[in-house]
Amino acid sequence: MRLNRNYSNSGLYAENDEWVWFSQMPEYRLSRMTKSGSQVTSFEAVHVMHISLVGEAVYYVAMDEEGVEMGGSLFRMNQDGTNLTKISPVQVNVLGTCVILDDGIYFTNAEDGDRLYRMDLDGKILTKVNDSPTWMANIDEEWIFYLTSVMNQGEQVLEIHKMRLDGSEDSVLVRPAGRNLMADRGWLYYADDAGSLFRMTYDKAQSSKIVAGPIIDYTIDGDTLYFIDQKTGNLITSSLDGSKVRELLTYPVQGVQITESWIYVLHRSGRLYRIKADGSNLMEKAYALKMVQPDPPGTPVVEGLGSLNANQKYRSMFVSQGDWIYGIDVTSPESSLFRMKRDGSQRSVLAPKSVRYLNLVGDWLYFIDGDAYSSMARMKIDGTSYGVIHDSSVSGMIVRDGWIYFTDRDQENQIWKIRTDGTELTVLNKGQAILLALEGDWVYWSHPREDNWGVKDIYRTKTDGSEEEMLLEGIVQHMTVGEGSMFYAPDEDWMGKIKSDPAGIYRLNLDGTGKEKILSEDTLTLIGVYKGHVYYYNGMEAAGLYRAKLDGSKRERLNGPGDFTWVHFLDDQILFFDNSTGAYRIMNLDGSNVKNLKK
């Protein structure tokens, strides 16, 4: 049975002797894993909360596609995944409460103003318990403690109530209250609207502030209080009276919940991490992803460039090989990696994954897998042989000649390189990097300043990590490299501390010298440089997709007026999305032969 310590955090975890059951981000998919984290099984149910284990059954609430707002259904199934049964006769508010006891279920009824109801474990004998909207509830022995709201002089005020299991003897304990509560062995723990944490005895005889706050996501295990500092995101422990404070994690996390032996938290990437409840180990990934195996010695390196510098502006969502285009439809709510002919025909899904920064070399697709916490993965072009190359949160990548050059969010967005089989991981630079580009033996990037994120200088380093140097000090909107030169468009400093170059597009030598302004339009977006031309989008009255020679001459509009995004260069064609028509289109590099892609 799930304990009070996880009721207050939506019940995303529950544990028995063999399995840890949890709701896996980003879809909140019902999953289970062995306690070692070596084996993970995912089930079909998504948007799952309020997981409980009772006997041989697992109970959970999953949001319904239809019905009232935030309405879901309560399900029960055997822990081997068999005998799945919907047991709730009405919709349950997934953001409310659902407490599973040995002899009954207390839940927020989304069809009756979020009032608290009770039903048997099989969903029968439905009974209303109170007549107030109930956002959260804890049960300790014969008492129910719940959070509700009332109107006071036209404003909504939160209150904490106490009542018997049958709804009798309802009384107000705290008013006003914050958005959380926890009942534990005669003490009620609650936050006020400023985020400070208090505790009081059930009879209100004793009350005190135990944490000044502001805090978020607190829970209790034995005689220890765990909470997250709202300002730093650090996980902190203390005694139940607020004394003996100690930082358990000096790293921003969220969503603290506890099973019998582990504390689970969410990393900023959405990845599930865990730490021993006593803090005796370092924070570790809760479970392993399916990793690729190193290539056998002597395996020849497949030469080739996986993605163009010109396609980095729009995160390289499309690549091509021969008559085939591989990509992901970012305009669809159900993103999947697919392939299609150049006219959009013969479209088929390779993997139901949300990916970005696609690269294609030989028979392999390389990409950032958004469904695996932005780790770096690869897959054959026929959809087989999927595996994770590097288990870290990656924010950009380019593949070339057997190496992957990438930025690692888990390592302060530094630039790294790794072999395509996951070996020889090497760091290349010292600071944060965005907007990667490769040219010859150099990696180029834009570096945001720590004291002013709006200011981005341009740097480069050798592909072996040597000779790091600044090329341009200023404010860069977008940067790209190609045709033996570097190009950038300046941006305004939103903090007003740095004067930027006048609007337009500028060209420099690869060593940062010889800066010249080649285009002067005030409102434009630099897209990329490809086959002797610089391509950009003009947002003025003559809006459209444009190109010009590398010196800015022979400016011409390729398509427009219109609102175009997701521009990609695929051999001798340009693929783009037309926001005005809601369709992907493809045309020749000179703007001729424009066609809508077939759906």
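I will try to describe carefully the structure that is included in this document.

1. Brief notes about the pattern of salt bridges
Then step 1. One pass over the structure, following the stated rule, counts 19 salt bridges.
Then step 2. Arg-185 is the partner of Asp-223 in a salt bridge, and the nearest nitrogen-oxygen pair spans 3.5 Å. Separated by 38 residues along the polypeptide, Asp-223 in the loop between strand E22 (215-221) and strand E23 (224-229) and Arg-185 in the loop between strand E18 (181-184) and strand E19 (187-191) bring together distant segments of the chain.
Then step 3. A salt bridge links Arg-547 to Glu-556, with the nearest nitrogen and oxygen atoms 2.7 Å apart.
Then step 4. Glu-556 sits in the partly exposed class, given a relative accessible area of 31%.
Then step 5. Ionic contacts of the salt-bridge type, sharing partners, join the residues Asp-112, Arg-115, Lys-128 and Asp-131 into one network.

2. Remarks on the sheet that holds strand E25 (residues 246-249)
Then step 1. Pairing within the open sheet is antiparallel, and its four strands lie in the order E22-E23-E24-E25. In this open sheet, the two strands that pair with only one neighbour each are E22 and E25. Here the average twist between neighbouring strands, direction ignored, is 30 degrees.

3. A closer look at unusual backbone geometry
Then step 1. Pro-176 follows Arg-175 through a cis peptide bond whose omega is -5 degrees.
Then step 2. Inspection of the secondary structure puts Pro-176 in the loop between strand E17 (171-174) and E18.
Then step 3. Put simply, Gly-560 and Pro-561 share a cis peptide bond, and its omega is 0 degrees.
Then step 4. Its place among the elements puts Pro-561 in the loop between strand E53 (556-559) and strand E54 (564-570).
Then step 5. One non-glycine residue, Gln-346, lies in positive phi territory at about 55 degrees.
Then step 6. If you trace the backbone, Gln-346 turns up in the loop between strand E32 (337-341) and strand E33 (348-351).
Then step 7. The class of Gln-346 is exposed, set by a relative accessible area of 53%.
Then step 8. For Asp-401, which is not a glycine, the phi torsion comes out positive at approximately 50 degrees.

4. What to know about the packing of aromatic side chains
Then step 1. Tallied over the full model, the rule gives 17 aromatic pairs.
Then step 2. For the ring pair Tyr-190 and Phe-198, a centre distance of 5.5 Å and an interplane angle of 10 degrees mean the geometry is stacked.
Then step 3. Aromatic ring contacts, followed pair by pair, group Tyr-13, Phe-22 and Tyr-264 into a single cluster.
Then step 4. The ring of Trp-262 carries the charged tip of Arg-274 above its face, separated from the ring centre by 3.8 Å.
Then step 5. Here the basic side chain of Arg-339 rests over the ring of Trp-324, its NZ or CZ set 4.3 Å away from the ring centre.

5. Details of the pairing of strand E14 (residues 136-140)
Then step 1. Among the five residues of E14, five are classified as buried, and the element is accordingly described as predominantly covered.
Then step 2. Residues of E14 alternate between two faces, with Met-136, Asn-138 and Asp-140 on one and Ala-137 and Ile-139 on the opposite face, all of them buried.
Then step 3. Bridge count for E14 against strand E15 (residues 143-152) is five bridges, and the pairing is antiparallel. In the strand pairing of E15, Ala-137 is matched with Tyr-146.

6. Describing the nonpolar core
If you look at soluble globular proteins, the nonpolar side chains tend to sit buried side by side.
Then step 1. Ranked by internal contacts, the top residues of the largest apolar core, which has 43 residues, are Leu-365, Phe-569, Ile-574 and Leu-575.
Then step 2. Sorting elements by how many residues they give to this core places E54 first, with five residues.
Then step 3. Residues Val-20, Met-25, Trp-262 and Tyr-264 belong to the second largest nonpolar core, which totals 17 residues.

Cut-offs applied
- Residues numbered from 1 in each chain as written.
- Predicted model: local features only at pLDDT ≥ 70, side-chain atom pairs only at ≥ 80, totals over all residues.
- Heavy atoms only, no water.
- Salt bridge = Lys/Arg side-chain N within 4 Å of Asp/Glu carboxyl O.
- Helix = DSSP H or I, 4+ residues; strand = E, 2+ residues; numbered from the N terminus.
- Buried < 20%, exposed > 50% of the residue type's maximum accessible area, 1.4 Å probe, protein only.
- Pairing = 2+ DSSP bridges.
- Axes fitted to C-alpha atoms, helices over the stretch in contact; angles between N-to-C directions.
- Phe/Tyr/Trp six-rings, centres within 6.5 Å; stacked < 30°, edge-to-face > 60°.
- Lys NZ or Arg CZ within 6 Å of the ring centre and 35° of its normal.
- Core = buried A, V, L, I, M, F, W, Y, C linked by side-chain atoms within 4.5 Å.

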